[in-house]
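Read off the chains here:
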Amino acid sequence: MFNFDSSCLHDFITNDDIEKYQTKIDEIHEKLHSVSEKVNDFKGWVKWPINFKTSEIKRIKSAAEKIRKNSDVFLVIGIGGSYLGARAAIEFLNSENYNHLIKNSPKIFFIGNSISSQEVEDILKICDKKEVSINVISKSGTTTEPAIAFRIFRKFLEDKYGKEKAKSRIYCTTDSNQGLLLKVARKEGYECFDIPTNIGGRYSVLTSVGLLPLAVSGADIDKILKGAYDSYQENLSKSLKVNNCYRYAVLRNILYKKGKYIELITGYDSRLRYFFEWWKQLFGESEGKDGTGIFPASAIFTTDLHSLGQFIQEGNKILFETVLKAKNVDEGLTVPLYKDDIDGMNYLSDKKLNYINEKAFEATVLAHTRGGTPNIIMTIENYSEYYLGYIIYFFEKACAVSSYLMGVNPFNQPGVEKYKTNMFKFLGKPGY
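All chains use their own residue numbering, which begins from 1 and follows the written sequence. Local features in this predicted model are restricted to residues whose pLDDT is 70 or higher, and side-chain atom pairs enter the listing and the counts only when it is 80 or higher, whereas totals over whole chains, interfaces and linings include all residues. Note that water and hydrogens are dropped before the side-chain values are worked out from all heavy atoms of the structure.

Engineer: What is the right way to look at the sheet that holds strand 5 (residues 170-175) in this model?
Structural biologist: Read from one edge to the other, the open sheet built from five strands follows the order 3-2-4-5-6, with strand pairing classed as parallel. Lying at the two open borders of the sheet, with one neighbouring strand each, are strand 3 (107-111) and strand 6 (191-195). With strand direction ignored, the average angle separating the axes of adjacent strands in the sheet is 20°. Only strands that DSSP links by at least two bridges are regarded as paired with each other. Under the scheme used here, helices are H or I runs from DSSP no shorter than 4 residues and strands are E runs no shorter than 2 residues, and both carry numbers assigned from the N terminus. For strand 4 (residues 132-137) and strand 5, the ladder comprises four bridges, and the chain directions are parallel. Each residue of the ladder has a partner; that of Asn135, found in strand 5, is Tyr171. Packed onto the sheet, helix 7 (residues 117-127) meets strand 2 (73-77), strand 3 and strand 4 and runs at close to 155° relative to strand 3. In what follows, a contact means two residues having at least one pair of non-hydrogen atoms within 4.5 Å. The convention used is that axes are lines fitted to C-alpha atoms, helices contributing only their stretch in contact, and that angles between N-to-C directions extend from 0 to 180 degrees. Packed on one face of the sheet, helix 8 (residues 144-161) meets strand 2, strand 3, strand 4 and strand 5 and runs near 155° to strand 4.

Here it is in C-alpha cells:
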C-alpha cells in the first residue's frame, strides 16, 4: 500500500491547475521511455526494474555472504550517489544506530565522502585488530575524496594481510568498460561489480552500488527489486489522474510557480534522516541548473519543530512540505504511570510512543497548512525492503519528470564538475 494524499493542497492548487500539464506530461513520458541509441543518455534507470541482470544479483549475493562470514567491519568508500543511497537504505531498514545494534552482520562504515583527517583516523582505529573488507565505488576512479580514502585503506589491508590476501577483501563497483578504477581493479585482480554506463550516480542505488552494501547488511535485495518493479508498473500511465509519480512532479512545479521555492521533506522517524540526504542530492543535482530549481531541504519531526517550526508556521511563505511516513510500525514503548504525577504527564500514561508521534503528525499538518504552508503526504505500509525499493523508484522518476518540466536536463551536474576542476588546479594536478 502506497498512499499519495494531496488533499491538504486544496487551498493552494485547483484541478484546472493540474490538468493544464497533461500535454507536457505526455511528451515527457515519451521522452523518458523512448529507446535511445546513445550510451550516455543516462536513462538506463528508467527500465532498470525490468532489465537488471540476474547474474549480477547472484554475484552480489555470493560476495555479500563471503563478506558477512569473514569480516567484522565492511568499509564502503564513495561520495555522493556512490554512498548516500546505500547508507540511506540501510538506516531506513534498520536504524541510524545500526552499527551499535547489529549482531550477525559486519559493522558498516561509509568513508571517502569527506577529506577530514579525523574521520579517516577514527575509522582506522575502529579497524584495528578487526577483520576488514572494503568496497570502493566510483564510476571513474578520479574523484578526489574516495580516491584518497581508497589509497589509505588499500594500504591498510595490504599491510595487515599481505598484498595477495588483501585483494580478496577488496571489491570495486565501477564502470564495466572504462575508467581508472577499472584499470586498477583489473591489474590487481579485485572482484568488480558493474555501474551501468547509462545510469548516473544519484540514480544508481538500485544497482550494485547500493545492493552490495545492502546485501552485506542482511537486507533481502530481491524484495527491494520487487518493490521497484511494482513502482515501475504502477507509474507507467501517462494520466495525471492515476499516476501519483507524475502528479507529484506537477504539484511541485505548480507550487514553485506560486513562489514556493523550497521543498522541505519531513518525517517522524530518525531512520529517515539519511534517506532524506539521498533525496536532497537526487533533486538538488537534477533540478538546480540554469538559475532554476526548487531548493531541497529536510527535517526530522518532532525534533526539528523546536528549531524550524516557528519559521515554517509564521516565517516567509517560500516553502512547502512533503511528508513521508509509514502506516504500520511497532507500537513502541508505553509512557509509565506515576501516582504523584509531579510532572503532570499522567494524561499520557499507558499511551504508546508511536500513538503520540502520530498525533504530533496530525497536529503539525493542521497547524502548518492553516499557517500557509502546503503539505503533500506520502504513506508507505512499513519500513521494509519492498517499500524501500518502491519509494526509491518513485522519487527517481518524479525527479526526472519534474526536472524536464522546469526545462533542465535531469542527468548532468555541470556545477559540480566546476568545483572539481578548480580543486584539481589548486592542488596542482597535472593537466590542470
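Engineer: What's the story with the sheet that holds strand 1 (residues 2-5) in this structure? I'm lost.
Structural biologist: Whenever strands of a sheet pair, they do so through backbone hydrogen bonds, lying parallel or antiparallel. On the basis of which strands lie adjacent, the open sheet formed by five strands has the order 1-10-9-7-8 and mixed pairing. Strand pairing shows two members of the sheet lacking a second neighbour, strand 1 and strand 8 (295-300), which therefore form its edges. Taking each pair of neighbouring strands and ignoring which way they run, the sheet shows an average axis angle of 20°. Here strand 7 (residues 262-267) pairs with strand 9 (residues 319-326) via five bridges, running parallel. Note that in strand 9 the partner of Ile265 across the bridge is Thr322. Docked against the sheet, helix 14 (residues 273-287) engages strand 7, strand 8 and strand 9, running at close to 175° with respect to strand 8. Relative to the sheet, helix 16 (residues 353-370) contacts strand 9 and strand 10 (375-380), its axis offset from that of strand 10 by approximately 155°.

Engineer: Explain the packing of helix 5 (residues 84-93) against helix 11 (residues 208-217) to me, please; I cannot follow it from the model alone.
Structural biologist: Two measures define how a pair of helices packs: the angle their axes make with one another and the distance between the axes. Running from N to C, helix 5 and helix 11 point in directions that differ by 35°, and their axes come no closer than 9 Å. For the crossing formed where helix 5 meets helix 11, the hand is right-handed. Along the contact surface, helix 5 presents Ala86, Ala89, Ile90 and Leu93, while helix 11 presents Val209, Gly210, Pro213, Leu214 and Ser217. Considered class by class, the residues forming the contact of helix 5 with helix 11 number seven nonpolar, two polar and no charged. With the far helix as reference, a near helix turned anticlockwise by less than a right angle produces a left-handed crossing, and one turned clockwise produces a right-handed crossing. Under the scheme applied, nonpolar residues are Ala, Val, Leu, Ile, Met, Phe, Trp, Tyr, Cys and Pro; charged residues are Asp, Glu, Lys and Arg; polar residues are all the others, including Gly.

Engineer: Can you help me understand the packing of aromatic side chains in this one?
Structural biologist: When we look at a pair of aromatic rings, we describe it by the centre distance and by the angle of the planes. By convention, a stacked pair of Phe, Tyr or Trp rings (six-membered ring in the case of Trp) has centres within 6.5 Å and planes under 30 degrees apart, an edge-to-face pair has planes over 60 apart, and any other such pair is tilted. What the rule picks out here adds up to 25 aromatic pairs. Taking the centre distance of 6.3 Å and the plane angle of 70° together, the rings of Phe4 and Tyr248 count as edge-to-face. Of this pair, Phe4 sits in strand 1 while Tyr248 sits in helix 13 (residues 244-257), and the two are 244 residues apart along the sequence. Buried, partly exposed and exposed residues are distinguished by accessible area as a fraction of the type maximum, computed with a 1.4 Å probe on protein chains only: under 20%, between the cut-offs, and over 50%, respectively. The exposure class of Phe4 is buried, given its relative accessible area of 11%. Relative to Phe411, the ring of Tyr404 has its centre 6.2 Å away and its plane inclined at 85°; by these criteria the two rings are edge-to-face.

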